[in-house]
Amino acid sequence: MQLTGHVLIADDEPHVRRYISLILRALGPVVVHQAASGEAALTLFHSLSPPPQLVILDINMPGIDGIETLRRLRAEGVECPIVMLTSLATRQVVEGAIAAGATGYLRKDTPRAEISALLMDVWKAVAPADAPPPVESSEPSLVPPL
Amino acid sequence: MVEGGRDSDEGAFDELLTTAGYNVYSVTSGESALEEYSVRQPDLVLLDVDLPGIDGIETCRRLRTRHGEACAPIIFMKNGWELADDDASFPAGPVDFLAEPFVSRQALLHIRTHLETRRLAIHQQKLVAELRQASAGKDRLLSMCAHDLRNPLSAVSGLADFLTDPSIGSLNPEQTELVDSIREACQSMLKLVNQLLDFSSVETGELRLELAPASLRDFAERAVFLAAVIAARKGTRIVLQQASPDPVLMMDVMRIREVVDNLISNAVKYSPPGSCIHVMIESLPASPESVPQVRFSVRDQGPGVPAAERHRLFREFSRLSTCPTGGEKSTGLGLAICRKIIDLHGGHISSENQPEGGCVFSFTLPISPCN
């Protein structure tokens, strides 16, 4: 099974965005949309049609942090899986994320195979039986196609 | 602060204390003592037991109820002290008794000792508060370190990993070696960050064991009892099977209880309605490979753990995708902490899918020769 469709990733660290994007692209023909802040993620999410099927949010971002971004998306009725990225998985952080409606969390130093496995698991749980091929996005992306 | 009903003695006593360098505030009833206490915040209270209105014992009780831990030490005074009064006043919580008439110097020494004890206690509280604050500051610093180091290190390590990915294109052998060096260096730095965090217990909370002799049976019964209530709502039964004897082990009772509760509540979370959970405690005899052990296991009839997820079950990296059957929240940190607790006890925690379905989570604890 392959990861398909549109994915939104928000992290203030461009290298982390690039890394996670590479992992996503290795999992299938996915279109990755990147945002550098919670505000940008919300704007980007609303501008995409159809909306992304998977959202990945860094918890620790300046401005609106990942948890608040997550909370706002859930409050709008967004039901797609939202996976949180964190560099420090304290009980408080993780419980906060799950309580706010996160589908899962990933510590950033997780080995790549494990990140891939978790993202695929999340995807499998929601993927439509026969997913339509992704529409090429006109959004500028920081990641060159592989 | 001195409270008394009789004028002649009180006047002399006040003077004695004033001469000794204390600031003395005198009142003549329990009611005014309560009021004056709040205004003056004295370091010590001398209470005459026999007072009109609210007597000294009741005044003492109210002061201690109202001001709690912070209440100043209270010394009871009574003319011609008798044992019967002693019995009645003791539960009110005074720190000392002074029988009148006083031997002046003896009374002063008592007072001085209690004031000094009070001063030291306040000083100690202040120090503890300062240390707590410093420790919290250290934890914040470590969290920042972890965040600031893990973030770029994870990216460097991950991106270097991709350089050797065939999809990017191939590297010559020397370039591959260089990339491998970058990855290794990153991994060892990440390991250092993790050790630092483990040591400070930032991610898992404090993990220092306080060992005491105890048996698993006590927790198991309690944990099963508590979980059975929640399980019953889903129509799930819990059965406890224990083999005798019930060996006493050296363990950190609070921590092992946390593990037992976690395994049982996990089983309840992932059990389908109408199923049965078996909790078992058994003794394993010594073998060539190990000392005698106690094994605690929880067998459920849930979906089991998918093979692909087994290896990351007890790690704190990520949360499993298997959903609880009753919509419960799960952080996935629980099992990582359980593993640390059992490791620290010299035991082993594991999970195993059953061929007939369901899953067994178990841990072993060594029965050391001193037991």
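What you see is a predicted model; the values in this text were computed from it and never measured. (Residues numbered from 1 in each chain as written. Chains lettered and ligands numbered in written order. Predicted model: local features only at pLDDT ≥ 70, side-chain atom pairs only at ≥ 80, totals over all residues. Heavy atoms only, no water.)

A.B. asks: Is there a simple way to think about the packing of helix H1 (residues 14–27) of chain A against helix H5 (residues 104–163) of chain B in this case?
C.D. replies: As a packed pair, H1 of chain A and H5 of chain B sit with axes 8 Å apart at the nearest point and diverge in direction by 40°. Taken as axis vectors, H1 of chain A and H5 of chain B run oblique relative to one another. Remark: the crossing between H1 of chain A and H5 of chain B carries left-handed chirality. Counted together, His 15, Val 16, Arg 18, Tyr 19, Leu 22, Ile 23 and Ala 26 of chain A of H1 of chain A and Asn 151, Ser 154, Ala 155, Gly 158, Leu 159 and Phe 162 of chain B of H5 of chain B form the full contact between these two elements. Along the lines of polarity and charge, the residues of the contact of H1 of chain A with H5 of chain B split into eight nonpolar, four polar and one charged. (Axes fitted to C-alpha atoms, helices over the stretch in contact; angles between N-to-C directions. Helix = DSSP H or I, 4+ residues; strand = E, 2+ residues; numbered from the N terminus. Parallel < 35°, antiparallel > 145°, perpendicular 65-115°, else oblique. Left-handed = near helix turned anticlockwise from the far one by under 90°. Contact = heavy atoms within 4.5 Å. Nonpolar A, V, L, I, M, F, W, Y, C, P; charged D, E, K, R; others polar.)

A.B. asks: What's the story with the side chain of Ser 21 of chain A in this structure? I'm lost.
C.D. replies: Residue and element names in this part refer to chain A. Tracing the backbone shows Ser 21 in helix H1. Judged by its relative accessible area of 0%, Ser 21 is buried. Here the side chain of Ser 21 touches Gln 34 through a polar contact of 2.9 Å, side chain to side chain. (Buried < 20%, exposed > 50% of the residue type's maximum accessible area, 1.4 Å probe, protein only. Polar contact = N/O pair within 3.5 Å; in protein donor to acceptor, adjacent residues only side chain to side chain.)

A.B. asks: Looking at this structure, how should I read the nonpolar core?
C.D. replies: Generally speaking, nonpolar side chains in soluble globular proteins are found buried as a group. Leu 216, Ile 256, Ile 264, Phe 296 and Phe 363 of chain B are the most contacted members of the largest nonpolar core, which totals 38 residues. Elements that contribute at least two residues to this core include exactly helix H7 (216–233), strand E8 (248–251), helix H8 (253–270), strand E9 (276–284), strand E10 (293–300), helix H10 (333–344) and strand E12 (359–366) of chain B. Core analysis: the next-biggest nonpolar cluster, separate from the first, contains 27 residues, Ala 35, Leu 44, Leu 48 and Met 61 of chain A among them. (Core = buried A, V, L, I, M, F, W, Y, C linked by side-chain atoms within 4.5 Å.)

A.B. asks: I would appreciate a short explanation of the pattern of salt bridges in the present structure.
C.D. replies: Opposite charge on two side chains permits them to pair, given that their charged atoms come into close proximity. Overall, the coordinates contain 20 salt bridges over all chains when judged by the stated rule. The salt bridge partner of Arg 71 of chain A is Glu 68 of chain A, with a shortest N-O separation of 3.2 Å. Taken together, the residues span about one helical turn, with Arg 71 of chain A and Glu 68 of chain A both in helix H3 (residues 66–75) at a distance of three residues. A relative accessible area of 42% means that Arg 71 of chain A is categorised as partly exposed. Note that Asp 165 of chain B and Arg 112 of chain A form a salt bridge whose closest N and O atoms lie 2.9 Å from each other. On the criterion of chain membership, the pair formed by Asp 165 of chain B in the loop between H5 and helix H6 (173–200) and Arg 112 of chain A in helix H5 (residues 112–126) is interchain, its members lying in two chains. Take Asp 165 of chain B: its relative accessible area is 13%, and that puts it in the buried class. (Salt bridge = Lys/Arg side-chain N within 4 Å of Asp/Glu carboxyl O.)

A.B. asks: Before we go on, may I ask you to explain empty space enclosed by the protein in this structure?
C.D. replies: Taken as a whole and assessed by the stated rule, the structure comprises two cavities of 30 Å³ or more. By volume, the largest cavity is sized at about 40 Å³. Forming the walls of the largest cavity are Val 16, Tyr 19, Ile 20, Leu 85, Lys 108 and Ile 115 of chain A together with Ser 154 and Ala 155 of chain B. Sorting the residues of the lining of the largest cavity by element identifies H1 of chain A together with H5 of chain B as the ones contributing at least two each. Among the elements that line the lining of the largest cavity, the one with the most residues is H1 of chain A, at three residues. Of the residues that constitute the lining of the largest cavity, the class distribution is six nonpolar, one polar and one charged. (1 Å grid on protein atoms, 1.4 Å probe; cavity = no way out; pocket = protein on both sides within 12 Å on 5 of 7 lines; lining within 4 Å. Points joined across faces, edges and corners; volume = space filled by probe spheres on them.)

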